[in-house]
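One letter stands for each residue in the lines below.
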Amino acid sequence: MSELPAVTEEEFRKVSDFLYRRTGMLFTETKRYYVQRRIADRMTFLKIGSFATYFSYLRGDVDGEIEQFINAFTVNETYFYREEHQLRCLSADLLNERVQAKKPGEALRIWSVPCATGEEPYSIAIWLLENWPEVDVQDIEIVGSDIDTECLTAARQGEFGQRALMRLSPALIGKYFETIGPDRWRIVSDLRQSVQFTAVNLMEGSQTRQHGKFDIIFCRNVLIYFDDASRRLAAENLFESLVPGGFICLGHTESMSRISPLFEVRRFADAIVYQRPTGGTHG
Amino acid sequence: MPLVRRPSSPAEATAAPASLTEGTSDQRWAAVRAASERPDGVALLAAALMRENEPRVREAIFTGLARAATAESAAAVIPCLRSEDAGLRTAAIDALRAMPGATRPHVAALLGDADADVRLLSCEFARDLPEDEANRLLGDLLVRETEKNVAAAAVEVLAEIGRPEVLPALEACAERFAGDGFLLFSIKVAAERIGRP
């Protein structure tokens, strides 16, 4: 293990303040060792000898350093039932509120973007089948989208390893997956057919508009990587993709309030989500 | 399985926007978003900015200008820093911070502006400058600044980006505002963060 460079309390606060302003991620004193460890790793990797030099490098986002640094604090791999509290909120509150606002027979539309290799949209489908009593009487359309077409190909195939399934019970795996090899499972055909996958660039309004309007959007752990101008534009594209009264769920370290004033904050028992206002001309 | 799969809904038809300043807020929003994607959009957005009162549409105008990130788009936003409308001022700051390259040529003049409010708000722009330039500009401000709130804003930024060479300016500021406990405390914290040479 490399020796930790001397990062003082003041230096830790500098980094914490910078990261909060830049990403909305909040690191308190309890995370100091973790932050310090990551700084040490990056300084060693980059062969930078002083904190001051590294902090300038980070602030300047040289060679995408901010993303490299943030990656240490986010779970880069995705897996089924990640951030389950939001799924609980979906079935306990969000969908019921949306059903009340819709005409009879009108489908509920849910968008998972970016969807990576499909864990999130399939999780939403399984969660609703298991936990939302209305699932038998409501039409629910689930769309997963990503900018990476290789990810989309994998998502359509619906094949996953053990790590992706680590949060699922054996009963759920037995019900919604078929074994295709050692430590390898595939989503059952019916479920694969119930989720649609499409390519989208969140920065391109012409592309997001092609997807129509959604009742609920899951957009987790992507906006933190955007610069300010890109984040604003993505937020407006997402706003436009929601029906009035529709909800957007971000990652647990993200806050739409810091990105855009367009949305209203809604606090539910299991999660804080953001809503496109229903009133006035916000239609 | 009750979940359904169907082709995505076609995009809602949006009439070609005739004007950024007429029609409903939804129409103006659509016009602004469309203008943002046009090569000549900045001039249209700049013209619409000072006439638009709907916050949502105004936000889209600022985003369009920030996305363009040109000298022209920054110049269009800067007058909003003088607005009596706090929401407009805040939105302008956010937009200018979202286009740091375009804002950079204006920062020195803004920090020397006759209006203390403009100087105060502009301290934030220094965060996005190269550190040597930011230290020089904020150091210069601190040695001449007469408004304590402006000085406090500069000190707050220096707490993050300050270098040892700005310590004399902080000390000079502390002497000038020796009777202000809050500012002295802020200067002390900034100096501690700047720390070792």
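As a reminder, the structure under discussion sits directly above these lines.
What comes next is a walk through the structure. (Residues numbered from 1 in each chain as written. Chains lettered and ligands numbered in written order. Predicted model: local features only at pLDDT ≥ 70, side-chain atom pairs only at ≥ 80, totals over all residues. Heavy atoms only, no water.)

So, the packing of aromatic side chains
One pass over the structure, following the stated rule, counts 13 aromatic pairs over all chains. Seen from their ring centres, Phe80(A) and Phe177(A) are 5.3 Å apart, and the 80 degrees between their planes marks the pair as edge-to-face. Linking Phe80(A) in the loop between helix H4 (65-71) and helix H5 (84-101) with Phe177(A) in strand E4 (residues 177-181), this pair joins segments that are 97 residues apart in sequence. The pair Phe80(A) / Phe177(A) is uniform in exposure class, with both members buried. Through successive ring pairs, a cluster of aromatic residues spans Phe80(A), Tyr122(A), Phe160(A), Phe177(A) and Phe197(A). The ring of Phe214(A) is capped by Arg109(A), whose NZ or CZ atom sits 4.2 Å from the centre of that ring. Above the plane of the ring of Trp29(B) lies Arg56(B), whose end atom (NZ or CZ) is 4.9 Å from the centre. (Phe/Tyr/Trp six-rings, centres within 6.5 Å; stacked < 30°, edge-to-face > 60°. Helix = DSSP H or I, 4+ residues; strand = E, 2+ residues; numbered from the N terminus. Buried < 20%, exposed > 50% of the residue type's maximum accessible area, 1.4 Å probe, protein only. Lys NZ or Arg CZ within 6 Å of the ring centre and 35° of its normal.)

Things to note about the pattern of salt bridges
Following the criterion strictly, the structure yields 40 salt bridges over all chains and no others. For Lys102(A), the salt bridge goes to Asp215(A), with nearest N and O atoms at 2.9 Å. One end of the pair, Lys102(A), is in the loop between H5 and strand E1 (108-112); the other, Asp215(A), is in strand E7 (residues 214-218), with 113 residues separating them in the sequence. The same class applies to Lys102(A) as to Asp215(A), namely buried. The closest approach of N and O atoms between Arg127(B) and Glu124(B), which form a salt bridge, is 2.9 Å. Among the ionic contacts, a cluster of salt bridges with common partners joins Arg59(A), Arg97(B), Glu124(B), Arg127(B), Asp128(B), Glu131(B), Glu156(B), Glu160(B), Arg163(B) and Glu165(B). (Salt bridge = Lys/Arg side-chain N within 4 Å of Asp/Glu carboxyl O.)

A word on the pairing of E7(A)
On a regular strand, each side chain points to the face opposite its neighbour's, so the side chains alternate between the two faces of the sheet. Residues and elements named next belong to chain A. Summarising burial for E7: five of the five residues are buried, a large majority. Here E1 runs beside E7; their pairing, made up of three bridges, is parallel. Looking at the pairing, Trp111 lines up with Ile217 of E7. By the bridge criterion, four bridges tie E7 to strand E8 (residues 242-249) in an arrangement that is parallel. By the bridge assignment, Phe218 is partnered in E8 with Cys249. Read from E7 through helix H11 (residues 228-241) to E8, the crossover connection turns out right-handed. (Pairing = 2+ DSSP bridges. Right-handed = clockwise from strand over helix to strand, strands pointing away.)

Regarding a negative patch on the surface
Residues Asp61(A), Asp63(A), Glu67(A) and Asp227(A) make up a contiguous surface patch of negative charge. On the secondary structure map, Asp63(A) appears in the loop between helix H3 (51-59) and H4. (Patch = residues over 30% accessible without salt bridge, like charges linked within 9 Å, V, L, I, M, F, W, Y side chains within 5 Å. Areas by Shrake-Rupley, 256 points an atom, 1.4 Å probe, with all protein chains shown as cover. Lys, Arg positive; Asp, Glu negative; His and termini not counted. Charge placed at Lys NZ, Arg CZ, Asp CG, Glu CD.)

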